[in-house]
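Next come the chains, spelled out residue by residue.
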Amino acid sequence: MASVLKKDTAFENIPSIKAKTLRINLNPDIYGTFAEIGAGQETARHFFRSGGASGTIAKAMSAYDKDFSDAIYGTEPGVRYVSQPRLKKMLSHEMRLMEERISREKHPDKLFFTYANTVATIDFSKRYKGHGWLGIRFQLDPKQKELDEIVLHVRFKQNEARLQQETLGILGVNLIYGAFFKYHKPRKLLKYLYDHIDKDTVEIDMVNFAGPNFENVDNRLMSLQLIRNDMTDAVMFGPDGNNLLPATVLYKKNILALRGSFRPVTKVNMDMYQKSYDILIREQSVEEENTIVVFEITLSNLKAAGEIDEQDFMDRAELLCSLGHTVLISKFQEYFKLVEYFSNYTKAKIGLTMGVNNLVDVFDEKYYRHLSGGILEAFGKLFFKDLKVYLYPMKNPETGQLMTSNNVKVHPRMKELYKFFKYNGKVMDIFDYDTEIMDIFSRDVLKKITSGEEGWEEMLPEGVAEIIKEKKLFTRKLEAESEKVK
């Protein structure tokens, strides 16, 4: 690896934007292109202004006209121009040109990079705040064949296009600087993206690291960092472990959401999912191919034992991904906030699958005292849209009575409100549940796993017990602590 990129601590204090660009410009080996579409050439401008850019910038370009852009990067059938596929095409095209046009014999030590963004800033009516994709594909060693890559998605919160452009320019500088000088500290790299930027001005709601120097980076953990750092309210990842942009996945979709600890995922969780999904797709206006199922874990749930245990988080993620599910991690403790979030991206049907105890909590006034309109404001947001609650029954632990929507005990003051939603079809019972598994609770299964008891395997979906044993899920931390004692 080029000696100029040695890991250092000299720049741990936040350098200015000019200092960052100068450090790159004065490095004789870093050399690349800038392709910026939709918000000016704001990132390249910082490098030109700081001086010494001629040895760093091979090319800076924009292609605002769609026809001209298509002529360079190809068309985007069925996909919006401000999209991840477009960004990837830009990165691939520009890097290919670099490798074709710059002789390795003449420049054996050059570290190639290409930075690109495709952005839509706020519109004239100020209805759409604007968003964008930006990324960098780069080398940390001139002999590196497989390139490293960082891609992220941003949402602007400012109400002026000029301010959004300036924010984008600073963010681009922070990304390029982080890629070359903080690549070995990806968590810190994420934090440094906000250097000289107020968090209230821009939201980063997706990031993916790829390439040989990020082999040990789990993008699900990076997703978690976005929430922990208050960069966004919700993140999503797919069965392959890569982060997804919620807006893209949820756009105009029917959504079925299941909230839980999934610690571990049990037969009850799967029964709740399968039975409520069957009800949803039988709805007249619901097309199965336009329906997405989301397993949601709240940040407060991850903090159930105090601080977030990242290993515990990864164990839950491992199981849900192995079962082929999409996972959403959110800061939405109240259900109405989750529904409000979904409503930003779809006007189709939304289903919430929950147990009786969760429904009782929904109708508890204490959760809405911070709202000026109290529980009525929350319910206006929760039930106003095309939403239904699919209710999974539970046995009363004291009486053994089966509790459904017909005999659920809500606070006396909430009875009439509950009846209103029940009689208007907003709450539906799941009838064809599996009566043999109703006594299974995740907390009991976890206790058996961690204490080494037998008999927990049959409480889990097929294949899950084998994964837990093979990968030592939920027990690795205990084993590590046991080894320390020895």
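Residues numbered from 1 in each chain as written. Predicted model: local features only at pLDDT ≥ 70, side-chain atom pairs only at ≥ 80, totals over all residues. Heavy atoms only, no water.

Undergrad: I'd like a description of the overall build of the protein, backed by residues and values.
TA: Within the protein one finds 18 helices and 16 strands. The C-alpha radius of gyration of the protein comes to 25 Å, within 12% of the 23 Å expected for a compact globule of 486 residues. In terms of its C-alpha atoms, the protein occupies a principal-axis envelope of roughly 80 × 65 × 40 Å. Counting every position in the protein, which comprises 486 residues, the buried fraction comes to 55%. Expressed as a percentage of contacts within the protein between residues at least 6 apart in sequence, the contacts between residues at least 24 apart total 72%. Entry remark: accessible area of the protein is about 23,000 Å², with carbon and sulfur atoms responsible for 50%. (Helix = DSSP H or I, 4+ residues; strand = E, 2+ residues; numbered from the N terminus. Rg over C-alpha atoms; globule rule 2.2 N^0.38 Å. Buried < 20%, exposed > 50% of the residue type's maximum accessible area, 1.4 Å probe, protein only. Contact = heavy atoms within 4.5 Å. Areas by Shrake-Rupley, 256 points an atom, 1.4 Å probe, with all protein chains shown as cover.)

Undergrad: Tell me what's going on with a negative patch on the surface, and back it up with residues and numbers.
TA: Taken together, the side chains of Asp 278, Glu 287, Glu 288, Glu 289 and Asp 432 define an acidic patch exposed on the protein surface. With respect to the helices and strands, Glu 287 occurs in the loop between helix 9 (267–281) and strand 10 (291–298). Overall, the relative accessible area of 48% leaves Glu 287 in the partly exposed class. (Patch = residues over 30% accessible without salt bridge, like charges linked within 9 Å, V, L, I, M, F, W, Y side chains within 5 Å. Salt bridge = Lys/Arg side-chain N within 4 Å of Asp/Glu carboxyl O. Lys, Arg positive; Asp, Glu negative; His and termini not counted. Charge placed at Lys NZ, Arg CZ, Asp CG, Glu CD.)

Undergrad: Hey, could you go over the pairing of strand 1 (residues 30–37) for me, with residue numbers and the actual values?
TA: With eight of eight residues buried, strand 1 lies mostly within the body of the structure. When strand 1 meets strand 3 (residues 111–121), the two strands line up parallel, connected through eight bridges. Within strand 3, the position partnered with Phe 34 by the bridge is Tyr 115. Relative to strand 2 (residues 57–61), strand 1 runs parallel, the two sharing four bridges. For Thr 33, the partnering residue across the bridge sits in strand 2 and is Lys 59. As a crossover connection, the stretch from strand 1 through helix 2 (residues 42–50) into strand 2 is right-handed. (Pairing = 2+ DSSP bridges. Right-handed = clockwise from strand over helix to strand, strands pointing away.)

Undergrad: Please provide a residue-by-residue account of the environment of Ile 227, values included.
TA: Relative to the assigned elements, Ile 227 resides in helix 7 (residues 219–228). A relative accessible area of 1% places Ile 227 in the buried class. Ignoring any residue separated from it by four or fewer positions in sequence, one finds Ile 227 in contact with Thr 232, Asp 233, Ala 234, Val 235, Leu 299, Ile 329, Ser 330 and Lys 331.

Undergrad: Requested: an account of the sheet that holds strand 8 (residues 243–244), with residues and values cited.
TA: Strand pairing in a sheet relies on backbone hydrogen bonds. The paired strands run either parallel or antiparallel. Reading across from one edge, 8-7-11-10-9-12-13-16 is the order of the eight strands in this open sheet, with mixed pairing throughout. Each edge of the sheet is formed by a strand with only one pairing partner; in this case those strands are strand 8 and strand 16 (427–429). Against the sheet, helix 9 touches strand 9 (254–259), strand 10, strand 12 (350–355), strand 13 (387–392) and strand 16, its axis set at about 160° to strand 9. (Axes fitted to C-alpha atoms, helices over the stretch in contact; angles between N-to-C directions.)

Undergrad: Let's hear about helix 12 (residues 335–343): which residues, and what values?
TA: Extensive coverage of helix 12 is indicated by the burial of seven of its nine residues. Tyr 335, Phe 336, Leu 338, Val 339, Tyr 341, Phe 342 and Ser 343 are the residues of helix 12 that are buried.

Undergrad: Residue-level account of the side chain of Asp 70, with values.
TA: When you line up the elements, Asp 70 lands in helix 3 (residues 66–73). Residue Asp 70 is classed as buried on the basis of its relative accessible area of 16%. With sequence-adjacent residues up to four places away left out, Asp 70 is seen in contact with Thr 75, Tyr 81 and Arg 86.

Undergrad: Tell me about the nonpolar core, residues and numbers included.
TA: Across soluble globular proteins, nonpolar side chains have a tendency to be buried as a group. With 96 residues, the main nonpolar core has Ile 150, Phe 180 and Ile 329 as its most contacted residues. It is helix 5 (residues 161–181) that provides the largest number of residues to this core, a total of 10 residues. If sequence neighbours within four positions are ignored, Ile 329 has contacts with Leu 224, Ile 227, Asp 233, Ala 234, Val 235, Phe 237, Ile 297, Leu 302 and Phe 313. Core analysis: the next-biggest nonpolar cluster, separate from the first, contains 57 residues, Leu 250, Phe 336, Val 356 and Tyr 418 among them. (Core = buried A, V, L, I, M, F, W, Y, C linked by side-chain atoms within 4.5 Å.)

Undergrad: I'd like a description of the pairing of strand 12, backed by residues and values.
TA: Strand 12 sits mainly inside the fold: six of its six residues count as buried. Judged by which residues are buried, strand 12 turns out to be covered on both faces: Ile 350, Leu 352 and Met 354 on one side and Gly 351, Thr 353 and Gly 355 on the other are all buried. With four bridges joining them, strand 9 and strand 12 adopt parallel strand pairing. Bridged to Leu 258 within strand 12 is Thr 353. Examined bridge by bridge, strand 12 and strand 13 share six bridges and lie parallel to one another. Across the sheet, the residue bridging to Ile 350 is Leu 387, located in strand 13.

Undergrad: Please give an account of the sheet that holds strand 6 (residues 202–210) that cites residues and values.
TA: Spatially, six strands are ordered 2-1-3-4-5-6 in an open sheet, and the strand pairing comes out mixed. In the strand order of this sheet, the two ends are held by strand 2 and strand 6, each with one partner. Recorded for the sheet is a direction-independent mean angle of 10° between the axes of neighbouring strands. Inspection of the sheet shows strand 5 (residues 148–156) paired to strand 6 by eight bridges, in the antiparallel sense. Opposite Val 154, over in strand 6, you have Ile 204 as the bridge partner. Together, strand 1, strand 2 and strand 3 form the strand contacts of helix 2, whose direction differs from that of strand 1 by roughly 140°.

Undergrad: Could you give an account of the pattern of salt bridges, naming the residues involved and the relevant values?
TA: In total, this model carries 31 salt bridges according to the counting rule given. A salt bridge links Glu 166 to Arg 162, with the nearest nitrogen and oxygen atoms 3.0 Å apart. Of the two residues, Glu 166 and Arg 162 both sit in helix 5, four residues apart, roughly one turn of that helix. Under the relative-accessibility criterion, Glu 166 is labelled partly exposed at 31%. Where Lys 337 meets Glu 334, a salt bridge forms, and the shortest distance between an N and an O atom there is 3.4 Å. On the accessibility criterion, Glu 334 (14% relative accessible area) is buried.

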